[in-house]
Amino acid sequence: LIDVSLEEGATGGKVSLLQRLLADRGYLPTEKVTGTFGPLTKEAVLAYQKAVGLVASEADLGAGRVGPNTLASLRREQIRAAVGIVRGLGWTAL
């Protein structure tokens, strides 16, 4: 679970999780999941933020950074995906 703000220069498991979430949604190539929040991850975050209406451009406050609003959006998507799996396969899917 990502529970901290992330931005360019961050490294570690939470960055890897963020990158996998972005890759699962088609914003980042899977082979680019490195655990390092570099320019490509920043571009992917910005593209995601624009797609879900969190920012309009890279000039907006928080654009390209993962803060509370981006985290909440990603969590909502995770919950919707889990509910969809359970609805389709039943509780045995868990």
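Since the model is a prediction, treat every value here as computed from it, not as a measurement. (Residues numbered from 1 in each chain as written. Predicted model: local features only at pLDDT ≥ 70, side-chain atom pairs only at ≥ 80, totals over all residues. Heavy atoms only, no water.)

Peer 1: Would you mind going over helix α3 (residues 68-89) with me for this structure?
Peer 2: Between its first and last C-alpha atoms α3 spans 31 Å; for 22 residues at 1.5 Å apiece the expected length is 32 Å, and the two agree. Within α3 the residues assigned to the buried category are Thr-70, Leu-71, Ser-73, Leu-74, Glu-77 and Val-86. Buried residues along α3 sit against α1 (13-24) and α2 (39-51). (Helix = DSSP H or I, 4+ residues; strand = E, 2+ residues; numbered from the N terminus. Expected span 1.5 Å × (residues − 1). Buried < 20%, exposed > 50% of the residue type's maximum accessible area, 1.4 Å probe, protein only. Contact = heavy atoms within 4.5 Å.)

Peer 1: Explain the packing of aromatic side chains to me, please; I cannot follow it from the model alone.
Peer 2: Where two aromatic rings form a pair, the distance of their centres and the angle of their planes describe that pair. As enumerated under the stated definition, the model contains 1 aromatic pair in all. With centroids separated by 5.6 Å and ring planes inclined at 90 degrees, the aromatic side chains of Tyr-27 and Tyr-48 adopt a geometry described as edge-to-face. Linking Tyr-27 in the loop between α1 and α2 with Tyr-48 in helix α2, this pair joins segments that are 21 residues apart in sequence. Under the relative-accessibility criterion, Tyr-27 is labelled partly exposed at 28%. Judged by its relative accessible area of 1%, Tyr-48 falls in the buried class. (Phe/Tyr/Trp six-rings, centres within 6.5 Å; stacked < 30°, edge-to-face > 60°.)

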